[in-house]
Amino acid sequence: MWLATSAFLFSLAGIVGLFALKEWETRHNRNMAPKLRERADAWAIRLKELLLALQVDAEKLPPEILHVSRIAIHEAALLSAAFLRFLALQAHKLADFVSHKRSFQRRAPRSEFLKKVLEHKNGGGERSE
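Here the structure is a predicted model, which means the values were calculated and not measured.

Regarding its fold elements, the protein presents 3 helices and 0 strands. Over its C-alpha trace the protein gives a radius of gyration of 39 Å, far above what one expects of a compact globule, namely 14 Å for 129 residues. Structurally, the protein occupies a C-alpha span of about 115 × 40 × 30 Å along its principal axes. Expressed as a percentage of the 129 residues in the protein, the buried residues total 1%.

With that out of the way, let us pick up the environment of Ile73. Structurally, Ile73 is set in helix H2 (residues 34-98). Once the C-alpha coordinates of Ile73 and Pro109 are considered, the two residues, 36 residues apart in sequence, prove to be 46 Å apart.

For the rest of this paragraph, the subject is H2. Working note: α-helix, 3.6 residues per turn, so residues spaced by three or four point in the same direction. For H2, with 65 residues, the first-to-last C-alpha span of 88 Å sits near the 96 Å given by 1.5 Å per residue. Most pronounced at Leu61, the bend in H2 amounts to some 35 degrees, and the proline Pro62 follows within four residues.

Attention shifts here to the pattern of salt bridges. Taken as a whole, this structure holds 3 salt bridges when the rule is applied. Here Arg27 ties to Glu23 by a salt bridge, and the two come within 3.1 Å at their closest N and O atoms. Of this pair, Arg27 and Glu23 both sit in helix H1 (residues 2-28), 4 residues apart, which is roughly one turn of the helix. Exposure remark for Glu23: the relative accessible area of 41% places this residue in the partly exposed category.

Attention shifts here to unusual backbone geometry. The backbone of Asn29 shows a phi angle near 55 degrees, a positive value even though the residue is not glycine. Notably, Ala33 is not glycine yet its phi reads approximately 50 degrees, a positive angle. With respect to the helices and strands, the residue Ala33 is situated in the loop between H1 and H2. Overall, Ala33 belongs to the partly exposed group, its relative accessible area being 41%.

Glancing now at the confidence of the model for the protein. On average, the protein scores 87 in pLDDT, and the residues at 70 or more come to 91%. Mean pLDDT values over the elements of the protein span from 83, in helix H3 (residues 112-121), up to 94, in H1.

Here we take up a nonpolar patch on the surface. Together, Trp43, Leu47, Leu50, Leu51 and Leu54 give the surface a local cluster of nonpolar side chains, amounting to about 510 Å² of exposed area. By secondary structure assignment, the location of Leu54 is in helix H2.

If you trace the backbone, Glu25 turns up in helix H1. On the basis of relative accessibility, which here comes to 5%, the residue Glu25 falls in the buried class. Among residues more than four places away in sequence, those in contact with Glu25 are Arg30, Asn31, Met32 and Arg37.

Below, the discussion takes up H1. Over its 27 residues, H1 extends 38 Å from the first C-alpha to the last, a length consistent with the 39 Å expected when each residue adds 1.5 Å. One or two residues past the end of H1 sits Asn29, with phi positive at roughly 55 degrees.

What counts as what
- Residues numbered from 1 in each chain as written.
- Predicted model: local features only at pLDDT ≥ 70, side-chain atom pairs only at ≥ 80, totals over all residues.
- Heavy atoms only, no water.
- Helix = DSSP H or I, 4+ residues; strand = E, 2+ residues; numbered from the N terminus.
- Rg over C-alpha atoms; globule rule 2.2 N^0.38 Å.
- Buried < 20%, exposed > 50% of the residue type's maximum accessible area, 1.4 Å probe, protein only.
- Expected span 1.5 Å × (residues − 1).
- Bend = angle between axes of the 7 residues up to and from the residue.
- Salt bridge = Lys/Arg side-chain N within 4 Å of Asp/Glu carboxyl O.
- pLDDT = per-residue confidence, 0-100.
- Patch = residues over 30% accessible without salt bridge, like charges linked within 9 Å, V, L, I, M, F, W, Y side chains within 5 Å.
- Areas by Shrake-Rupley, 256 points an atom, 1.4 Å probe, with all protein chains shown as cover.
- Contact = heavy atoms within 4.5 Å.

Below, the structure is given as structure tokens:
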């Protein structure tokens, strides 16, 4: 906060000082440091040209950034899917290892109650209205 405030006040004092110098030069019909001013003007013109070139390049950036970000998101999604698939396979291996029944296979239930529940879930049960 202090840095921003001091930078602002320094910039404001510089601008006010430049306006005061311009007013003094106009009143006394003199130029202070004309060679320094010419070099500063040449530097300002080069800086302006550079900024214009950067602006043209910056206008090209959003489509490129969008394209690169799309590719990056796509690659991240593929990597996370592969990682999650790996974790799922490892979880199945762990479940097979821990289970006392190796290579579990589903079969029809032996219990009459479970058979009736399955029939009811599958729509085979009779309804009384």
